[in-house]
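For reference, the chains in residue letters:
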Amino acid sequence: MILKLAYLNLFRNKRRAISTGLAICIGFVGLNLLGAYIYRVKKALDTTSVYSALHGHVKVFKQDSLVQFALKPKKYIFQKEELDQMDQIFSEFSSEIEYIGKNINGSGLLSNGKMSHPILFYSFEPEIYAKSLTQPDISNWAKDWVLPKQIENVDIFKNNNEVMSVTPRIADIMSLTYPLNENESLQLAGRSLDGDLNAVNLELGAEHTTGLQFLEDTLVLVPLKKVQELLGTEGAESISIYLKPEASLAKFKKKLDEKLSSLAFKTESYNYYDEKINAVYLGTIGFLVVMGAFFVFLIGTAVSLTILNSLTMGIIERTREIGTLYAVGFKKKEVAKLFILENLILCVLSIAVGVLLSFVFASLVNSLNIRFTPPSVTGKIQFRLVWNFAIAASVAAFTLILTLISSFVVMKNKSKIKLIDLLNDSGA
Amino acid sequence: MKNVFLIGLLICIKAFSADADLATELLKTSDRGRGGLEEGLEWTANIETTENGDTASREFLIKAKKHDAFVEALKPAKNKGEVYLFNDRQMWFYKPSLKKPVSISARQKLTGQAANGDIASTHYARDYNATLEKTEEIGGVKYYVLFLKAKAKNLTYDQIRYWISDKTKLATKVEFLTLQGKVFKIGTLQYNNVLSVGGKNIAFVSQLTIMDAKFNQNKSVITYTKPKVVEHSNAIFNINNVTR
Amino acid sequence: MENVVEIKNVFKSYQLGSTEVHALRGLSLKIKKGEFAALIGASGSGKTTLLNLVGCLDDADRGEILIENVSVKDLSENQKSELRNQKIGFIFQSFNLIPVLNIYENVEIPLTIRTEMSPEDRKTKVLNALKDVGLEEYVHHRPDQLSGGQRQRVAIARALVTEPSLILADEPTANLDSKTAHHIIDLMLELNKKRHMTFFFCTHDEKLMSRVQRIVKISDGVIES
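Residues numbered from 1 in each chain as written. Chains lettered and ligands numbered in written order. Predicted model: local features only at pLDDT ≥ 70, side-chain atom pairs only at ≥ 80, totals over all residues.

Draft legend 1. Main features of the overall build of chain A. Each helix and strand counted, chain A has 17 helices and 12 strands in total. Buried residues in chain A amount to 43% of all 428 residues. Within chain A, contacts between residues at least 6 apart in sequence are counted, and of these 80% link residues at least 24 apart. (Helix = DSSP H or I, 4+ residues; strand = E, 2+ residues; numbered from the N terminus. Buried ≥ 20, exposed ≤ 12 C-beta atoms within 10 Å, placed from the backbone. Contact = placed C-beta atoms within 7 Å.)

Draft legend 2. Expanded view of the overall build of chain B. Of regular secondary structure, chain B possesses four helices and 17 strands. In chain B, which comprises 244 residues, the share counted as buried stands at 38%. Here the analysis covers contacts within chain B between residues at least 6 apart in sequence; of these, 47% occur between residues at least 24 apart.

Draft legend 3. Structural detail: the environment of G106 of chain A. All names here are of chain A. Position of G106 relative to the elements: it lies in strand β3 (residues 105-111). Taking the C-alpha atoms as reference, G106 lies 9.5 Å from E237; in sequence the two are 131 residues apart. If sequence neighbours within four positions are ignored, G106 has contacts with F121 and G190.

Draft legend 4. Just the pairing of strand β2 (residues 19-32) of chain C, in detail. Residue and element names in this part refer to chain C. Two elements, strand β1 (residues 3-16) and β2, share 11 bridges in a ladder whose sense is antiparallel. Paired with I7 across the bridge in β2 is L29. Between β1 and β2, which pair antiparallel one after the other, the connecting turn spans two residues, and G17 there sits at a positive phi close to 65°. (Pairing = 2+ DSSP bridges.)

Draft legend 5. Structural context of the sheet that holds strand β9 (residues 238-243) of chain A. Residues and elements named next belong to chain A. Pairing within the open sheet is antiparallel, and its four strands lie in the order β2-β9-β1-β10. Either end of the sheet is taken by a strand with one partner, and the two such strands are β2 (97-103) and β10 (267-271). Across the sheet, the axes of successive neighbouring strands diverge by a mean angle of 20°, strand direction being ignored. The pairing of β2 with β9 spans six bridges and is antiparallel. Residue pairing for β9: G101 is matched across the bridge by S240. (Axes fitted to C-alpha atoms, helices over the stretch in contact; angles between N-to-C directions.)

Draft legend 6. Main features of the interface of chain A and chain C. On the side of chain C, 21 residues touch chain A, which itself brings 21 residues to the contact. Counting residues per element, the ones that place at least two in the side of chain A that touches chain C are α1 (2-9), α14 (319-327), α15 (332-368) and α17 (419-424) of chain A. Looking at which element gives the most residues to the side of chain A that touches chain C, the answer is α14 of chain A, with five residues. Per-class residue counts for the side of chain A that touches chain C are 12 nonpolar, three polar and six charged. (Nonpolar A, V, L, I, M, F, W, Y, C, P; charged D, E, K, R; others polar.)

Draft legend 7. How the structure looks around the interface of chain A and chain B. Taken together, the contacts link 16 residues of chain A with 14 residues of chain B. Elements represented by at least two residues in the side of chain A that touches chain B include exactly β3, β6 (186-191) and β7 (197-207) of chain A. Per-element tally for the side of chain A that touches chain B: the top contributor is β7 of chain A, with three residues. Grouping the constituent residues of the side of chain A that touches chain B by class yields five nonpolar, seven polar and four charged.

Draft legend 8. Representation of helix α6 (residues 126-133) of chain A. Buried within α6 of chain A are the following residues: P126, I128, Y129, S132 and L133 of chain A. Projected onto a plane normal to the axis of α6 of chain A, the buried residues spread over an arc of 160° and lie on a single side. (Arc of directions from axis to C-beta.)

Draft legend 9. Expanded view of unusual backbone geometry. With an omega of -5°, the peptide bond between Y178 of chain A and P179 of chain A qualifies as cis. Within the secondary structure, P179 of chain A is located in the loop between α9 (168-173) and β6. Cis geometry is found at the peptide bond from K75 of chain B to P76 of chain B, where omega equals -5°. Positive phi outside glycine occurs at D64 of chain A, with the angle close to 70°. One can find D64 of chain A in the loop between β1 (58-62) and α3 (65-68). By the C-beta count within 10 Å, which is 13 here, D64 of chain A ends up partly exposed. The backbone of H196 of chain C shows a phi angle near 55°, a positive value even though the residue is not glycine. The exposed category is assigned to H196 of chain C, around which 10 C-beta atoms lie within 10 Å.

Draft legend 10. Representation of the pairing of β3 of chain A within the structure. Residue and element names in this part refer to chain A. Burial within β3 is extensive, with five of its seven residues counted as buried. Of the strand pairs in this sheet, β3 and strand β4 (residues 116-124) are connected by seven bridges, and their pairing is antiparallel. The partner of L110 across the bridge, within β4, is H117. Where β3 hands over to β4, the hairpin turn is made up of four residues, of which G113 adopts a positive phi near 90°. The pairing of β3 with β6 spans three bridges and is classified as antiparallel. Each residue of the ladder has a partner; that of S111, found in β6, is Q187.

Draft legend 11. Representation of the sheet that holds strand β4 (residues 62-67) of chain C within the structure. Spatially, the four strands line up as an open sheet ordered β2-β1-β4-β5 (chain C), and their pairing is antiparallel. Either end of the sheet is taken by a strand with one partner, and the two such strands are β2 and β5 (70-71) of chain C.

Draft legend 12. Broad picture of the nonpolar core. Core analysis: the largest hydrophobic core is formed by 121 residues, its most contacted members being L188 and V220 of chain A. For this core, the leading source of residues is β7 of chain A, giving six residues. Grouped together as the second largest cluster of nonpolar side chains are 110 residues, A37, I67, F90 and V126 of chain C included. (Core = buried A, V, L, I, M, F, W, Y, C linked by C-beta atoms within 7 Å.)

Draft legend 13. Spatial organisation of the confidence of the model for chain B. The predicted model of chain B has a mean per-residue pLDDT of 86, with 90% of residues at 70 or higher. Across the whole predicted complex the pTM is 0.68, and at the interface the ipTM reaches 0.90. (pLDDT = per-residue confidence, 0-100.)

Draft legend 14. Quick look at the packing of helix α13 (residues 279-317) of chain A against helix α16 (residues 389-414) of chain A. Residue and element names in this part refer to chain A. For the pair α13 and α16, interaxial distance at closest approach is 9 Å and the crossing angle is 40°. On the basis of the axis angle, α13 is oblique to α16. For α13 against α16, the interelement crossing comes out right-handed. Taken together, the residues of α16 that come into contact with α13 (itself represented by G300, V303, S304, I307, L308, L311, T312 and I315) are T399, L402, T403, S406, S407, V409, V410 and K414. Looking at the contact of α13 with α16 residue by residue, the classes come out as eight nonpolar, seven polar and one charged. (Parallel < 35°, antiparallel > 145°, perpendicular 65-115°, else oblique. Left-handed = near helix turned anticlockwise from the far one by under 90°.)

Draft legend 15. Broad picture of the packing of helix α2 (residues 14-52) of chain A against α15 of chain A. All names here are of chain A. In contact at an axis separation of 8 Å, α2 and α15 are set at 45° when each is read in the N-to-C sense. With respect to α15, the axis of α2 lies oblique. At the point where α2 passes α15, the crossing takes the right-handed sense. Two secondary-structure elements touch here, α2 through A17, T20, G21, I24, C25, F28, V29, N32, L33 and A36 and α15 through L346, C347, L349, S350, I351, V353, G354, L357, S358, F361 and A362. Its residues placed into classes, the contact of α2 with α15 shows 15 nonpolar, six polar and no charged.

Okay, here's the thing in structure tokens:
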């Protein structure tokens, strides 16, 4: 009965109900689409961090390697026998681990026989690169952040294990002509684990993008075997562990850390989003969270004020009715329940419309293929809004809570009015 | 009065220019003791490096002529055949397995505290502008302390403080400074080698010790042996011939 | 006979702008069970104030009011609400019906908060109340589809649906024509007899006086007779 009364009350002042509903609806759509955008960027960052950047879900280093490897690579590299011992441990997690990759990152000079350009090199193993770049998540979330050519690299790397990958910017700096594989070889110079200058030959033919402007003129991808040759080692600086979709990252990492602690040498592992190995991830997510929080605040305030205003007006108009309800025995909380219920119904109806609208809007935006260049990112990416049930549900819950709080605040204030004053009110 | 002022000014300019001339002259002379000669030279350099408790040994054969140098690694065996080629201020690294030489920088680390540029002959008079900073007396010997500023960006060091003995006209101490003027490496030199040039014996560097200015246990000692004047063909300094 | 209402030396004043109006000045009164009592008096004599205090819609400054021997002075707001719901029915001058609800729902309103009551019981009581006021055929009508008299009947049905021991009515016929007013008074009298409900109402209508069992006259905040 109270529910029915609450529902029917919505039709008393249709214009106000519609304008309030519209404010809630627009607020919901705004938050939902903002959430959809942040969700999309986060998923793209997750995917590129794990697969494109070859971090894996968990990356294992020797303890203190992050700081010390560049200074004392010989001490902090995993030697062949240490890698074998770790493989034993990894084999116990076969139900969770999809595949494992090894990495060595470092700095050096890339030379074309005429000039040299200082670079950072990231190693890759062709088969791991192939597996990573053909993951469904890459095509679902990070299509824009991976050059179409990078997918073609999969075959290039498989066919020739001396082929390295350069960015378009480095190709430009070093006056490399296209097609890249028609260039003569390049040489990668760097310091071996013994501290000697060394250099290896590399073939051109593959191209990638880092997705980040500040790395675009710096980062090259080099087959692990060639990096090992350069450094004079069979070891690896780190191990990237790629998990199966059903595996729980937190649980896996905890168990893995326990097992790794039994080794004679000390290790440390990091999640792919850890600031220490992936500062860009945290920086970008941090920016998005701050931006998101700002918009949530703005939209939340607007929606709250609308509800507060609408509810206050509704109460002013129905003061005598409230008095009558008290007179026939309604308690304050029952009257409050009626009004709150009224707003919740309006909110639920608005959200229902909002769900539909946000879905339509997201589809429209996506079909328009709007492209933009985010700060510090190289190249244009599509402004994509990925509608997600969890986000919509969270935003709906947030909107409902906001409505509930706003309604509660008004009712709390209005319940202070004396009953006799309510009944004597002539109505607004 | 006006004339007195002009004469004073001229005397000052003259004194300054005389100092600069002296500094350049001292530098030219001291370079000779470190291979800065017109004649073709050859010597062996052994570098003993101690760094963070680890020690390593390298040996190079250096063939130098004027501003070119061909440096070939002799030891350890795994590095044998590696070549560092200095063409004036351009520097290359090459080893037989490479398809093309690698252009490298003189200021990059060769081993330990020694930079690539430290291994070849020294041409500070050509590469640096020298000013006489002060004179000092050490052990009863007068030393000219020169301050050297790099003429070009691709030189081994940006700034150098250089102690040249008035008695021998040879440098015995050197401080290597960053662009900001901070000393980051300190070197000491000895001249126990004798080189016969055109019938005249001149002192030639026998040891250069380079220490990290902060951690002096990290050091490289370059020992120079068997210096001699040798007639080199220009062809050995041609990078295209090296890679063939 | 048992007292439904007992008012002991009640004072009530309120502010009207800068003036303090003494509406009740030590008023005492007893209303017995089953009485049909009209409260009369000039405008501003304190009729409505007294009715509001008896109905627990307002609090006295001093003195004591007992409803079925329970002092309302020390009751909490919630206890007063319960008391109103269970023991008092209200009939307002301007009916105070809820426009969006139909007649049935308007009458049902006081019962909706009685969680212990089954829906069947509720329905029976609502239909009986509507039958008592002769509106059983109008259950689906909305208040704006009814005449003034019919609306007041709905208000009466709403007041009696909880089977209270006391029905308070503030000028129940003031907004009605005289013929309709007669019918409403007839109905109230009929319910008074049939259901043994106590009626205490204030009125200006001189023509009604003859039909009332007891007339309580109030003047300057005290009972005159």
